[in-house]
Structures are given as C-alpha cells and as structure tokens.
Amino acid sequence: MSVTTDLRDILEAHFESRELRDFDEIKKECCRILSKYCDFLFVFREQRYFETEHSRDDLYFQYFSFGIELPGNIKTYKNRNSLIESVSEWDKTAEKKYSSKHCQFYIKNSSLSDHEQDKVFNLIKRIVVFHYLNSGAKAHFLTSVSQRMIKSFWRTDVGDRVYTKEAAVDFVCDGLEIDAALYAVYDELPDKDEPVIDCLHLVRGSNSISQNVMQTALSESSILSEDAKKSIERRNKTTGIFKNVTYGMSVISGNHVYVDDNEEVKNHSLRPEYLIVFSGNKEILSVDKIEIATSFLDSVIKTLVEIEEVNSHRELEFICQDLERELGENPVRTRDEFERKYISLLAEHFYIGLSAMGTTPSCLRLFRPSSNSLQKIFSTVDTDEQGSVPNHINICDKNSAAAIAFRTDETISLWSLSKLTRRESLIEAGYIKSTQEFRYQQTVVGKIKNLVSMVGCSTIAMPIRINDIIVGTLEISSPSRSDLMSYIESCEQFAMQCGEFYRRLELANDRGWLVRMHFLHAARHRLQHIVSRISEKSEELGGELGDLIADSVVNEPGASSQSDILNSTECKNLLDQKTNEAFVKHHGSHASALKELFVELQEVQKVSRRNFILLTEIVEALAANVRKHGFQPAGLKVFAGARCGNVKTIVLTYRPKDTYEQSERANQVGVSPMPSSAGTENGYSYGLFLLATQIRMSGGWMMSHADEPDAFGQTEFGFTIILNASIREDGHFVTEATNE
C-alpha cells in the first residue's frame, strides 16, 4: 500500500466515525506512515481577529502542529514560542514548502515524488482541518475572540465610551473592520411580496456604500429582503452576494420564560429581537467574523438590558426612599395630597421604568369604591391622534382591557387586529402559542378598547396589587406588538413596583403622624396611676379601663392559648355579639338592624384572628362615633368570598345616605387625624386614622369615598375597607383553588 492510500484510510475513517477522537492518536498515525518516507513539519494557523496591540501575523496553534525529525522522532509543541522557532528553522532548511489558508507544510529528506508530496499535504490538511472544525476547537477559538472583544468593550479605563447598543455596533465595525447594521425586529413578518423593512427598526448602521446598498435592498421586495425574512423566521445565519456586495445576516433571539405564581414555567419561547446585517467585500467579510460579531453583540446587548433594569430599579428605589423620608418628617393630611406625592414618583417611575420602550402610551388607574370605577391617576399621554384617555372606567366594562384585568386578576395581552395576518409565522416565532389563541385574538381584539378607548392597538393590561389586594391597573398600548412582548416581564415587574411604592408611601405617612400623637407614648405606669385614681371614684369605670389596657397587651407568638384561626360561623356569632354590645351601649335601637351584618363571613369558611380583631375594631370605631355623626345601619355592608385571583377577600363598606362632609375632611379619612367637627371639643379625631393604620399594617387597604365636591365644597361621606381572607397555617398561606 502507498503512503497516500494509508493517509486516505485515516481521513475516511475520521469522516465515517461519529466518535470523539483524540488528536494525539491522529498525529501518531500520520507520523507512523510518513516516517518511512520523509522528515516534515505540519503547522496549523488561524487569522488573528480583533488585534489592537499585537502583530497582524497569523496565530499559530501548537496543539494542531506536529512533525518528524531525524532519526524519526515525533515532534510536538507545548507552547507557541517553540513552534515559531521551529518554523523559522524549517524556513531555512526545508526542501519544499506548501501553504494554504490554515496550513503550512515543510518537507525534506523525502523519497516521495513531487506529485506524491502534493497529495500528502492535501490529505494531512484535510484530516487536521476536519478535526479542527468538528471537535469544537473552531467554536472555542471564535468564542475566545468574542470574549476578548467583550472584555475590551467593558474596559473601565476608556473614559469617553458610552455603553449603548449603538456603541457596541460601532465597536464591531472598528474592531473587525467590517460594515454592520443592527435592526430591532418588530411584530410578525410581512407577507411574501412586501419588503422586510416593514418589521424592522434601524438601531445603528455603518455609513458606508455597502450598507446603503443593503438598506435600499431591504426596503424593496428583493432577494435580500427574502433572505432577511428567512433569517428571522429560522433564527439562522444567511450569506450571499447582492450587487457585488458580500453580505451576511444573523439574528439575536430573546429567551422569554413565563412563570406563574407557583414558580412553574407556563410558557417558553425564543423570539427574534434583533437582525444584524453585515456587508463588505469578500476578502474582508467572512463567516468567522459574522460569528464573532453576533456572539459579541448578543452578550453585550443582553448585559445592557440587565444593567438598564438594575440601574432603573436602583434609581427608583432612591427616589422612593427620599419620598418616604419626606412623608415621615412632613406627613400629608388628605388623600389628594398623598396621591400628588405618589404621582410625582410615578412621573419618574414611568420615565425610568419604561424608557427602554420609548414613548409608549401608558396609564395607571386606581380603584374608586364610591363609583365602582378605575380612575386615571397618571398617564404618559392625555390625547393622541386616536382619542383621549378617559378619566374613569367602570370595572364591569366588558370592552375595556383595564377593567378585564382588574376583574380577572390576570395580565390581558391583546394584538392589534392589523397584525393578525400570518398565523403560521406568529406561532413559529413564538408570539402566539397556538391556533386556538390566534382565533381567540381575532375574536376579541376588534371589541376590546385600549387605554385611549380605541381599537386597533396592541395592548397589555395588568393588575396592581397592594400586598395581595388588587387596587388598580397598569395599561400599556403600542402600535408595535413586539415592543410590548419584548418587555412584558419588565412591565409586570413595573406594575408590581407601582403597588409596592404606594404601600410604602402610605406606611411612611402613617409613621409621620404616629410620632406626633404623643398620647400613644404615655408611659404605662402613668396610665396605671390614672386608672387607680379613677377606681377610687368609680370602681366599675376603673375596672373597665384596666381590662381594656390589659386586653391591649400584645402577646408573643405562641403565648396565647387562643387559636389563630376561627371557624367562620363562630366568628360571625362573636362579631354579632360584639356589635350588639357596642351599639346597645351607645344607641340600643341599632342592635336588631345589625344582627345579621356578618352573615356573609360564612363564605370564607375560616377567619384569621387578625381579621376578627380588625373587624371588631371597625365596629368599635363606628359605634364610638354614633353620638358625633349618627349611624345608619343600612349604609354598612359586609361582603365576603369575593375572589382576588385564587384568594378570597373580605370587603366592608360604609356609606350613610345623605351624609356630607367638607371635601377636605372627607379626604382625610384614613390618611391623617381629622380635626374635630364644629360644635365639639377642640382637638383631633384619631379613631378612623388609627383604624386605617392597623388595616394597612395588616396587609389591608382603606379608601375614602371622597368624590368631587359640590358647589358648597361638600362631598358624600363614606369609606371602603378590603382585607385579605387568606389564612396562615404553619407558615403557609391557605388559599382555595378555583375553576372560575
């Protein structure tokens, strides 16, 4: 058998095998065959990419280089310097030298003919290059180049660099000496005969002749436009030549995972987010450069998004902390004043939190129990070319995305009808999960209104919660569906922050008032001394006051022998009894009217002692105000069992008929101590404020019914309290699943 036949057997065996082979074995086999015929040196090299300080010479790979020197010893190399020295020597002593893109071959002391030597070089080259491309070594090399570019891009000693997507594209063009353009991919792809540019937005592009050619071609229904569509659909790389311009395309996909409340994956999709178009002449642009640039931009863009989210969260946190300190030092008196403070935070919140989405119309609404509506609290747009943003939306509105999100406690995601044209591409790209969802979108999209009360715009509406209680909605609309889908996780986080900031500011305002209420800080021994003095004059009153103070002592967890959970029937009976006692004491005629007030508590099956105490406090507060304001039993309603997602709530509303207060006083309900009414003693009324503070600290929510004042500056008096009916047992919330 000849030397070429033996080498060809090695090559074919390597081609046919699916096993991972050790390259040292391949080197030994080649050297064993060639040692009979010649001395040689085989050198493997790669083009240097992204070299700013080192030589532009090729990069030698010592692991893939080997040879034979007299007397037939196999020569391998442990480092690049020894290989370079050996190459220098062979340059002087070799009888013949062969060269290709990746390989150099030196030969001497040969008994082979020139034709055989040519074949030997060709076969060894194919063996080594095949192993290099298929063993992962090539991928490792390209990754290492990309990592060096990434490290260089994030260098901290470059004082004038701005870290943006635009800067990353410029860095690629300069570092790899190619032309490139980055396009954001919008929505589903256009139809076959329509240009791909309709779904693209240029983020950054080289100002070059080749890129101008590319831009023009993408705007036309041309071969290049179709190649771009294929790259986006298949998320792969495409190369070709168009009008003497060599081009390449690649796609950066976003990894979108949707997780439910139990941290279980509901849906996962890889959606194309950016298309990169490379161009240049064929001597400069290569598949390797496309791979390196794509890997670099993929990493940098995802890091920039993470930095943007972290920075925005940190900045918003600082703004909220400043407002908390301000309210703790200078608390506001009315709900209107409080919400103006909240709106000042929202203005920054929307600007920072949604800056990545540009000027996307957004609106935050809070629930108003008095009108059973969602009131616009803050909007990034009052009017646009489509219409105005309504101030109020009824929560029963079946055609409002915000109202549906509030009622169902779910994120409502709707397509623009004009975008629902290509079912297959939408499902393939991961925008829509199934044909069933596609048909659902087609059915409802034409009916449901977005935040500007118009159809035809893609919309996301999501509930806002304070603790587990839904108190409003956040709605975001955009002509571009992909804008919304790309940031849906950020939007949901954003909505959660809106509720959390409201809660924190309310508690900060509570702290500001509590530290001013000096009677709360009276020492216990002084209270005991006062009780003793009262007991000397009236043993009954002294005993009653002493029992009240003793009952108010907070027991440590586990110290009480009482159960933390009450049967709802037991709870109802106890509350009925407490109500009768409280109102008989002040106004006995109300007792019969309140007998079945808490009957609906049986709907929740179990009531926590926390909620029982809060409901008792509510009854006491109302009863204590009978002499001052009167009391209307028909105005007090208790609803229980209404679901907030899979959690039941207890809702108590009090709105006495034809009872009016000055607008400012009505706005103070639950926000601050109220000045005593005219005709009573000077000072403040603390009852409702302290009650509201207890409710908020227990995870509930209290809202006054202060509507717009009439011509005399008065508004109807009333308030609503919402408590979470979840029960905590052994450290876990007990909630009831629902199939509704």
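Details of the structure are given in the entry above.
Scope of this entry: the structure provided in the associated data block.

Parameters at a glance
Residues numbered from 1 in each chain as written. Predicted model: local features only at pLDDT ≥ 70, side-chain atom pairs only at ≥ 80, totals over all residues. Heavy atoms only, no water. Patch = residues over 30% accessible without salt bridge, like charges linked within 9 Å, V, L, I, M, F, W, Y side chains within 5 Å. Areas by Shrake-Rupley, 256 points an atom, 1.4 Å probe, with all protein chains shown as cover. Salt bridge = Lys/Arg side-chain N within 4 Å of Asp/Glu carboxyl O. Helix = DSSP H or I, 4+ residues; strand = E, 2+ residues; numbered from the N terminus. Buried < 20%, exposed > 50% of the residue type's maximum accessible area, 1.4 Å probe, protein only. Contact = heavy atoms within 4.5 Å. 1 Å grid on protein atoms, 1.4 Å probe; cavity = no way out; pocket = protein on both sides within 12 Å on 5 of 7 lines; lining within 4 Å. Points joined across faces, edges and corners; volume = space filled by probe spheres on them. Phe/Tyr/Trp six-rings, centres within 6.5 Å; stacked < 30°, edge-to-face > 60°. Lys NZ or Arg CZ within 6 Å of the ring centre and 35° of its normal. Core = buried A, V, L, I, M, F, W, Y, C linked by side-chain atoms within 4.5 Å. Polar contact = N/O pair within 3.5 Å; in protein donor to acceptor, adjacent residues only side chain to side chain. Axes fitted to C-alpha atoms, helices over the stretch in contact; angles between N-to-C directions. Parallel < 35°, antiparallel > 145°, perpendicular 65-115°, else oblique. Nonpolar A, V, L, I, M, F, W, Y, C, P; charged D, E, K, R; others polar. Left-handed = near helix turned anticlockwise from the far one by under 90°. Pairing = 2+ DSSP bridges. Expected span 1.5 Å × (residues − 1). Arc of directions from axis to C-beta.

**Some thoughts on a nonpolar patch on the surface**
Thinking step 1. There is a patch of nonpolar side chains on the surface, built from Ile 530, Ile 534 and Leu 541 and spanning about 240 Å² of accessible area.
Thinking step 2. Relative to the assigned elements, Leu 541 resides in helix α17 (residues 539-551).

**Looking at the environment of Phe 367**
Thinking step 1. Tracing the backbone through its elements, the reader meets Phe 367 in strand β11 (residues 362-368).
Thinking step 2. Of the residues examined, Phe 367 reaches a relative accessible area of 9% and is grouped as buried.
Thinking step 3. For Phe 367, the contacting residues outside a window of four places in its chain are Asn 372, Ser 373, Leu 374, Ile 395, Phe 406, Val 471, Gly 472 and Trp 701.

**What to know about empty space enclosed by the protein**
Thinking step 1. A full pass over the atoms with the stated rule returns two cavities of 30 Å³ or more.
Thinking step 2. A volume near 40 Å³ is recorded for the second largest cavity.
Thinking step 3. The element that contributes the greatest number of residues to the lining of the second largest cavity is helix α15 (residues 488-514), accounting for three residues.

**A short note on the packing of aromatic side chains**
Thinking step 1. Counting across every chain of the model gives 29 aromatic pairs.
Thinking step 2. Note that Lys 27 overlies the ring of Tyr 63, its terminal NZ or CZ placed 5.0 Å from the centroid.
Thinking step 3. Here the basic side chain of Lys 108 rests over the ring of Trp 90, its NZ or CZ set 4.5 Å away from the ring centre.

**A closer look at the nonpolar core**
Thinking step 1. With 65 residues, the main nonpolar core has Leu 7 and Phe 296 as its most contacted residues.
Thinking step 2. Counting residues per element, this core draws most heavily on helix α9 (residues 287-329), which supplies eight residues.
Thinking step 3. Among residues more than four places away in sequence, those in contact with Phe 296 are Ser 146, Met 149, Ile 150, Phe 153, Ala 168, Phe 171 and Val 172.

**Regarding helix α11 (residues 401-408)**
Thinking step 1. In terms of residue burial, α11 counts as a mostly covered element, since six of its eight residues are buried.
Thinking step 2. Turning to α11, its buried residues are Ala 401, Ala 402, Ala 403, Ile 404, Ala 405 and Phe 406.
Thinking step 3. Summarising the contacts, the buried residues of α11 are in contact with β11, β12 (373-379), β13 (392-394), β14 (412-414), β15 (458-466) and β16 (469-478).
Thinking step 4. In the segment just after α11, Asp 409 is the residue with positive phi, at about 55°.

**Quick word on the pattern of salt bridges**
Thinking step 1. Within the structure shown, the criterion is met by 22 salt bridges.
Thinking step 2. Arg 204 is the partner of Asp 170 in a salt bridge, and the nearest nitrogen-oxygen pair spans 2.8 Å. Placement of the pair is Asp 170 in helix α6 (residues 165-176) and Arg 204 in strand β7 (residues 200-205), with a sequence separation of 34 residues.
Thinking step 3. Here Asp 170 falls in the partly exposed class, since its relative accessible area comes to 28%.

**Considering the side chain of Thr 720**
Thinking step 1. The residue Thr 720 is located in strand β26 (residues 719-724) in this model.
Thinking step 2. At 3.2 Å, the side chain of Thr 720 and the side chain of Thr 653 are in polar contact.
Thinking step 3. When sequence neighbours within four positions are dropped, the list of residues in contact with Thr 720 reads Pro 369, Val 651, Leu 652, Thr 653, Trp 701, Met 702, Met 703 and His 705.

**So, the packing of helix α7 (residues 209-218) against helix α8 (residues 223-234)**
Thinking step 1. In contact at an axis separation of 7 Å, α7 and α8 are set at 80° when each is read in the N-to-C sense. The pairing of α7 with α8 is recorded here as roughly perpendicular in orientation. Listed contacts from α8 to Met 214, Ala 217 and Leu 218 of α7 are Leu 224, Ser 225 and Ala 228.
Thinking step 2. Its residues assigned to classes, the contact of α7 with α8 comprises five nonpolar, one polar and no charged.

**Overview of the packing of helix α1 (residues 3-16) against helix α2 (residues 23-34)**
Thinking step 1. Interhelical geometry of α1 versus α2 gives an angle of 165° and a closest axis separation of 9 Å. With respect to each other, α1 and α2 are oriented roughly antiparallel. Here α1 and α2 pass one another in a crossing that is right-handed. Note on element contacts: α2 touches α1 through Ile 26, Glu 29, Cys 30, Ile 33 and Leu 34, opposite Val 3, Asp 6, Leu 7, Ile 10 and His 14.
Thinking step 2. Within the contact of α1 with α2, the residues separate by chemical class into seven nonpolar, one polar and two charged.

**Some thoughts on the pairing of strand β2 (residues 59-69)**
Thinking step 1. Among the 11 residues of β2, eight are classified as buried, and the element is accordingly described as predominantly covered.
Thinking step 2. Pairing between strand β1 (residues 39-46) and β2: six bridges, direction antiparallel. Opposite Phe 40, over in β2, you have Ile 68 as the bridge partner.
Thinking step 3. By the bridge criterion, three bridges tie β2 to strand β3 (residues 73-75) in an arrangement that is antiparallel. Note that in β3 the partner of Glu 69 across the bridge is Asn 73.

**Notes on the sheet that holds strand β5 (residues 103-108)**
Thinking step 1. Taken together, five strands build an open sheet; the order of strands is β3-β2-β1-β5-β4 and the sheet is antiparallel. Among the strands making up the open sheet, the edge pair consists of β3 and β4 (96-99). Taken pair by pair, the neighbouring strands of this sheet meet at an average axis angle of 10°, ignoring direction.
Thinking step 2. As defined by bridge partners, β1 adjoins β5 across six bridges and the pair is classed as antiparallel. Bridging from a neighbouring strand, Leu 41 pairs with Tyr 106 of β5.

**Some thoughts on helix α3 (residues 80-93)**
Thinking step 1. Spanning 14 residues, α3 covers 20 Å between terminal C-alpha atoms, matching the ideal 20 Å at 1.5 Å per step.
Thinking step 2. Inspection of α3 places Leu 83, Ser 86, Val 87 and Trp 90 among the buried residues, and these make up the whole buried set. For α3, the angular spread of the buried residues around the axis is 105°, confining them to a single face. Exposed positions of α3 whose direction lies more than 90 degrees from the buried face are Asn 81, Glu 85, Glu 89 and Lys 92.

**Here we look at the pairing of β5**
Thinking step 1. By the criterion of burial, β5 is predominantly enclosed, with five of the six residues buried.
Thinking step 2. Between β4 and β5, which pair antiparallel and follow one another directly, the connecting turn spans three residues.

**Focus on the sheet that holds β11**
Thinking step 1. The six strands are arranged β13-β12-β11-β16-β15-β14 in an open sheet whose pairing can be described as antiparallel. At either end of the open sheet lies a strand with only one pairing partner, and these are β13 and β14. The mean angle between the axes of side-by-side strands here comes to 25°, regardless of whether they run parallel or antiparallel.
Thinking step 2. Here β11 pairs with β16 via five bridges, running antiparallel. What sits directly across from Arg 365, in β16, is Thr 473.
Thinking step 3. Taken strand by strand, α11 contacts β11, β12, β13, β14, β15 and β16, and its axis lies near 145° from that of β16.

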